[in-house]
Amino acid sequence: MHGHPQVLEGNEVTGDSAAGNLALKARWSDLQAHDARQVSRFEVDMLSIRWRTILFAFVVTLALVPSKISTQQVESVRSQAGMVSSQQWIASQVGADVLSSGGNAVDAAIATGFALAVTHPTAGNIGGGGFMVIRFPNGQSTAIDFREKAPLASHPEMWLDESGEYSSQVHHRSHKAVGVPGTVAGFDKANRLYGVAAWADLVQPAIDLAGEGFELSESLAGSIERFASRSPYEATVSAFTKGGAPYQIGESWSQPDLARSLERIRDERRDGFYQGETASLIAAEMRRGEGLITLEDLARYQARERNTIQGTYRGYDIISMPPPSSGGVAIVTMLNILEAYDLPGMGHNSAEYIHHLAEAMRRAYRDRAQFLADADFSDVPVQRLTSKEHATWLRRNIDSERASVSHPTDVEIVSESPETTHYSVVDADGMAVSVTYTLESGYGSGIVVPGAGFLLNNEMGDFNAGPGLTNESGLIGTTPNLARPQQRMLSSMSPSIVARDGALVAVIGTPGGRTIINTTLQLILNMVDFGMSITEAVAAPRIHHQWLPDRIRVESDGISAQVQSQLEQMGHIVQVGGRQGSANSIGVDLTTGERIGAPDPRSPDSGARGN
Ligand code: DON
């Protein structure tokens, strides 16, 4: 059983050093055996030897105290070697251990991803899909696309009933909402192409976590109780409760069926998922629930390697995900628009600044609705949309004092739920990996595959509703992103990497549906224009505008009443409230080379771990 870390209250500690690391680091296997030593999982950065000594004494003292449940303190962490930053600290530790054992950043990302499938079930997955962007130490980059695909029996009208009525329930919450999962194929491909570690070693930590169990945090215990109590599916209730009774905070949660599915993946790589027992269990559940995925769909699934989107912003290089994500294209478009303005002169989150951001966002999201889809199925004008000339054209009608108006011509937007997860990895050699993957909604379709113990996605909801079904209530019916056999649904996920003069600067990304693109944009602006550290850039309040609905959303306490009123006078509708994203990132201190893990304080279980 794995316990929660103790909270090191009141320390000005932000990372580790090689010496501190040696003293404080415990191997994952040791931690499994000696739960009381779990505190040593903190990779603690001490500013001096004196601090190191004091802290070491403190740690030893804590190690003698029986483990207590505590809220994970989300704080930044430093390392001279590698770093993993994710939404679940246990998974970050798994990745850091892979780095310590000689794996590279791709291997650590794979192991972290498998561990998140166990410890972060709202979004971590083997039944979903996502994207991995890799930057090599020589500055070259590549992307692995493991987005889900539409089953062979899909068609653009598949969410209409016999009388032609559109059903949101079928589109988003049924067995037909499940896309052919891509995660296992993506991880397999990434490891074969760019990993150095043995595959089995990357899956085994997740098997151990699923088989032996891990201690439930307050946040996760509450989340799975709420989820399971509403589930109509027997296998889901069985996986997420103790025979119908909720797990309590601090209890150990094991997932034996998931452990066995992971063992098949460990032993047979992708075939352990897309063939054999797991594939049969998925296909059987599809037949039972009138879903479309067949054994053939599973056997045919392939992850794809793609060229990254590359842009520049004030001397920085921006590397991000190409279609079927809209993220990289939209981020580069917005940066190109904003490059012409003196953003620091406006002031961070001032009315003038937010106005210019909103105008850039409005234009990029209109392009997104019009042009973006799986480029294997339609022509996406990537070069044009990411060119400086296109930005100049988009910028021509931005009034510095008045809001534009979004016109719902023939494009409208469907809502996306905010459950996905992003994590970042850097290894000692400087290889950087940025991964965002998802089940789409929190817990995806809510359907656990009976006997296989994992959740299936509801990613088909990211396809448009049906031909011509564009309306004021938020449906979109434009052609490029309609469901077709084997097409990948459009995504906003934007795993990204920032570099300058050949040096790695940051690994960034976030969940949050359509807000993903804007959160990632603001991380870049916060660092480049406002000189924020990665920790500050992640913590700073965020805003969002997505063309339609025509309004600016600002996080709770993100702006003053005066700034809100100034924006309203310019003609903007402003809504303040909620939280936007979970941008578990890593920055590099360019003077010392240290990696700074910056988990997002918006997520209570997130954490960064160095090796
Ligand atoms: O691919 C996409 O853009 C969406 N399915 C992502 C959903 C999402 O981010 C939910 N997350 N927090």
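Structure first, text after, so check above.
What this report covers is the structure whose coordinates are included nearby. (Residues numbered from 1 in each chain as written. Predicted model: local features only at pLDDT ≥ 70, side-chain atom pairs only at ≥ 80, totals over all residues. Heavy atoms only, no water.)

### Observations concerning the overall build of the protein
Logical step 1: When you go through the protein residue by residue, the secondary structure sums to 22 helices and 19 strands.
Logical step 2: A buried classification covers 64% of the 611 residues belonging to the protein.
Logical step 3: For the protein, contacts bridging at least 24 residues in sequence account for 75% of all contacts bridging at least 6.
Logical step 4: Accessible area for the protein stands at about 20900 Å²; split by element, carbon and sulfur atoms hold 50% of it. (Helix = DSSP H or I, 4+ residues; strand = E, 2+ residues; numbered from the N terminus. Buried < 20%, exposed > 50% of the residue type's maximum accessible area, 1.4 Å probe, protein only. Contact = heavy atoms within 4.5 Å. Areas by Shrake-Rupley, 256 points an atom, 1.4 Å probe, with all protein chains shown as cover.)

### A word on helix 4 (residues 89–100)
Logical step 1: Taking 1.5 Å of rise per residue, the twelve residues of helix 4 would be expected to cover 16 Å, and the 16 Å separating its terminal C-alpha atoms lies within 8% of that figure.
Logical step 2: Burial within helix 4 is extensive, with eleven of its twelve residues counted as buried.
Logical step 3: Listed in full, the buried residues belonging to helix 4 are Trp-89, Ile-90, Ala-91, Ser-92, Gln-93, Val-94, Gly-95, Ala-96, Asp-97, Val-98 and Leu-99.
Logical step 4: Measuring from the backbone nitrogen of Ile-90 back to the side-chain oxygen at the start of helix 4 gives 2.8 Å, which picks out Gln-88 as the cap.
Logical step 5: Taken from the residues just after helix 4, Gly-102 is the one with a positive phi, measuring 105°. (Expected span 1.5 Å × (residues − 1). Polar contact = N/O pair within 3.5 Å; in protein donor to acceptor, adjacent residues only side chain to side chain.)

### Re the sheet that holds strand 15 (residues 552–554)
Logical step 1: Taken together, three strands build an open sheet; the order of strands is 14-15-16 and the sheet is mixed. Only two strands of the sheet have a single partner each, and these edge strands are strand 14 (543–544) and strand 16 (574–576).
Logical step 2: Bridge count for strand 14 against strand 15 is two bridges, and the pairing is antiparallel. Looking at the pairing, His-544 lines up with Arg-553 of strand 15. (Pairing = 2+ DSSP bridges.)

### Examining the nonpolar core
Logical step 1: Membership of the largest hydrophobic core comes to 78 residues, with the highest contact counts inside it found for Phe-114, Ile-126, Met-132, Phe-240 and Leu-262.
Logical step 2: For this core, the leading source of residues is helix 5 (residues 105–119), giving eleven residues.
Logical step 3: Non-local contacts of Phe-240, meaning those with residues more than four positions away in its chain, are made with Pro-121, Ile-224, Phe-227, Ala-228, Tyr-247, Trp-253, Tyr-443, Val-448 and Leu-455.
Logical step 4: Counting residues in each nonpolar core, the second largest holds 54 residues, with Met-334, Leu-521, Val-554 and Val-563 among its members. (Core = buried A, V, L, I, M, F, W, Y, C linked by side-chain atoms within 4.5 Å.)

### Some remarks on the pattern of salt bridges
Logical step 1: Tallied over the entire structure, the rule returns 25 salt bridges.
Logical step 2: Put simply, Lys-242 and Glu-251 hold a salt bridge, and the shortest N to O gap is 3.0 Å.
Logical step 3: Under the relative-accessibility criterion, Lys-242 is labelled partly exposed at 35%.
Logical step 4: For Arg-260, the salt bridge identified is with Asp-257, shortest N-O distance 2.6 Å. Within this pair, Arg-260 and its partner Asp-257 are both found in helix 11 (residues 256–268), separated by three residues, close to a single helical turn. (Salt bridge = Lys/Arg side-chain N within 4 Å of Asp/Glu carboxyl O.)

### Focus on unusual backbone geometry
Negative phi characterises most residues that are not glycine, and trans characterises most peptide bonds.
Logical step 1: Cis geometry marks the peptide bond from Pro-323 to Pro-324; its omega dihedral reads 15°.
Logical step 2: Within the secondary structure, Pro-324 is located in the loop between strand 9 (316–320) and helix 15 (327–338).
Logical step 3: Geometrically, the link from Leu-548 to Pro-549 is a cis peptide bond, its omega value of -5° lying close to zero.
Logical step 4: Structurally, Pro-549 is set in the loop between strand 14 and strand 15.
Logical step 5: A positive phi angle, close to 65°, is found at Tyr-443, a residue other than glycine.
Logical step 6: In this fold, Tyr-443 is placed in the loop between strand 11 (432–438) and strand 12 (496–500).

### Details of the sheet that holds strand 18 (residues 595–598)
Logical step 1: The seven strands lie next to each other as 1-18-17-13-12-9-8, forming an open sheet whose pairing is antiparallel. Each end of this open sheet is capped by a strand with a single partner; those strands are strand 1 (77–79) and strand 8 (309–313). Adjacent strand axes in the sheet meet at a mean angle of 25° when their direction is disregarded.
Logical step 2: In terms of strand pairing, strand 1 meets strand 18 through three bridges, oriented antiparallel. Counted as the bridge partner of Arg-78 is Ile-596 from strand 18.
Logical step 3: Sitting on the sheet, helix 15 touches strand 8, strand 9 and strand 12, and the angle it makes with strand 8 is about 20°.
Logical step 4: Against the sheet, helix 20 (residues 515–528) engages strand 8, strand 9, strand 12, strand 13 (503–508) and strand 17 (585–588), with an angle of about 140° to strand 13. (Axes fitted to C-alpha atoms, helices over the stretch in contact; angles between N-to-C directions.)

Limitation: the analysis is restricted to geometry and does not speak to function.
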